[in-house]
Amino acid sequence: MTADERKDEQKDVLKKERKNRRKNPPKGGFQDDGQDEPKDEPKEERKEERLTISQWAEEDRPREKMMQHGAAALSNAELLAILVGSGSHEDSAVGLMRKVLDRYGNSLSRLGKCGVEELCRFKGIGPAKAVTILAASELGKRRKEEEPQQRQAITCSTDLYAYFHPLMCDLPVEECWVLLLNQAAKVIDAVKISQGGLASTQVDVRCVLREALLRRATSLVLAHNHPSGSCRPSADDDRLTQALATAAKTLNLRLLDHIVVTDGRYYSYSDEGKL
């Protein structure tokens, strides 16, 4: 066999091998030059890590945000997230509530009209969460239906006596109360500060001012009763009045009056020019 015949025979063998490999290709595939193609390395699917609310910055967490900036600073989704407490495996509580609101066109009115079963279709919402959402919606409706409460205005010592006499006229022991007022001299609240014996009661000025600051009052009135029936203030009453007036002034609060209440009569420090 000549050299040319050997070359032709080798070419025929290579052609047959290539044809067989095309019919039964290896798993990794091959290239046209007869060499196996390298296998493609499987690409790892990277799932975005979802941060839980506890991993958020403190100022972005709904509860902390509300405590620092007030409820008005929160979105509807954040307020609802506080109610439901948790989300699903896919979404945080805020993310879940965003999906719910988006389903109802970001309308709280439409959300409040759906039922428990409809809300439970969302992944991460069960009957307990659904009932919580609908209960909050109902509270919002009832609040809207309520008539605004009119606060009583205090204009003189007679108004103060009319306010405190029903509270103190039949008390067997002394009690001291503080009446907290807003900028318009309307009543915010009345708080009992102390209760004593037949002839006296101890009052801590710090406790009085604390109540005023907590309720954001701008002025206050002190009132206590004398079970003996005498409305004449004692020396201790005078010292308490001056101490409270001085302390309140340092906090930009005004002590408008201090009245001593008995059944049928009263004494006003303001009317007597002692304030």
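Here the residue numbering is sequential within each chain, running from 1 through the sequence in written order. Totals for whole chains, interfaces and linings use every residue, but because this is a predicted model, local features are given only for residues with pLDDT of at least 70 and side-chain atom pairs only at 80 or more, for both listing and counting. Note that the side-chain values use all heavy atoms of the structure and ignore hydrogens as well as water.

Caption draft 1: Layout of the sheet that holds strand 1 (residues 175-181). Paired strands, as defined in this entry, are two strands with at least two bridges between them according to DSSP. Only runs of H or I of at least four residues qualify as helices and only runs of E of at least two qualify as strands under DSSP, and these elements are numbered from the N terminus. Taken together, five strands build an open sheet; the order of strands is 2-1-3-4-5 and the sheet is mixed. In this open sheet, the two edge strands, each paired with only one partner strand, are strand 2 (187-195) and strand 5 (266-268). The average undirected angle you get between the axes of adjacent strands in this sheet is 20 degrees. As paired strands, strand 1 and strand 3 (residues 219-225) are joined by six bridges and run antiparallel to one another. What sits directly across from Leu181, in strand 3, is Ser219. Whether two residues are in contact is decided by their heavy atoms, any of which lying within 4.5 Å being enough. Helix axes are fitted only over the stretch in contact, all axes being lines through C-alpha atoms; the angle between N-to-C directions runs from 0 to 180 degrees. Running at roughly 50 degrees to strand 4 (residues 254-261), helix 8 (residues 157-168) makes contact with strand 1, strand 2, strand 3, strand 4 and strand 5 of the sheet.

Caption draft 2: Structural view of helix 3 (residues 76-84). Under the scheme applied here, a residue whose accessible area is under 20% of the maximum for its type counts as buried, over 50% as exposed, and between as partly exposed, the area being computed with a 1.4 Å probe on protein chains only. Along helix 3, the residues that are buried comprise Ala77, Glu78, Leu80, Ala81 and Val84. For helix 3, the angular spread of buried residues about the axis comes to 165 degrees, placing them on one side. Those residues of helix 3 that are buried are in contact with helix 2 (62-69), helix 4 (93-103), helix 5 (108-113) and helix 7 (127-145). The positive-phi residue at the C-terminal boundary of helix 3 is Gly85, with phi of around 85 degrees. Arc definition: directions from the helix axis to the C-beta atoms.

Caption draft 3: Structural view of the pairing of strand 3. Of all seven residues in strand 3, seven are buried; the element is thus mostly enclosed. Side-chain alternation along strand 3 places Ser219, Val221, Ala223 and Asn225 on one buried face and Leu220, Leu222 and His224 on a second face that is also buried. Alignment of strand 3 against strand 4, held across seven bridges, turns out to be parallel. Across the sheet, Leu220 pairs through a bridge with Leu255, a residue of strand 4. Handedness of the crossover is the feature at issue here: the chain leaves strand 3, passes through helix 10 (residues 235-250), returns alongside strand 4, and the resulting connection is right-handed. We call a crossover right-handed when, viewed with the strands running away from us, the connection from the first strand over the helix to the second turns clockwise.

Caption draft 4: Molecular detail of unusual backbone geometry. With a phi angle near 55 degrees, Asn106 is a residue other than glycine that sits in the positive phi range. Looking at the secondary structure, you find Asn106 in the loop between helix 4 and helix 5. Take Asn106: its relative accessible area is 52%, and that puts it in the exposed class. Positive phi values are uncommon outside glycine, yet Asn252 reaches one of about 60 degrees. Within the fold, Asn252 resides in the loop between helix 10 and strand 4.

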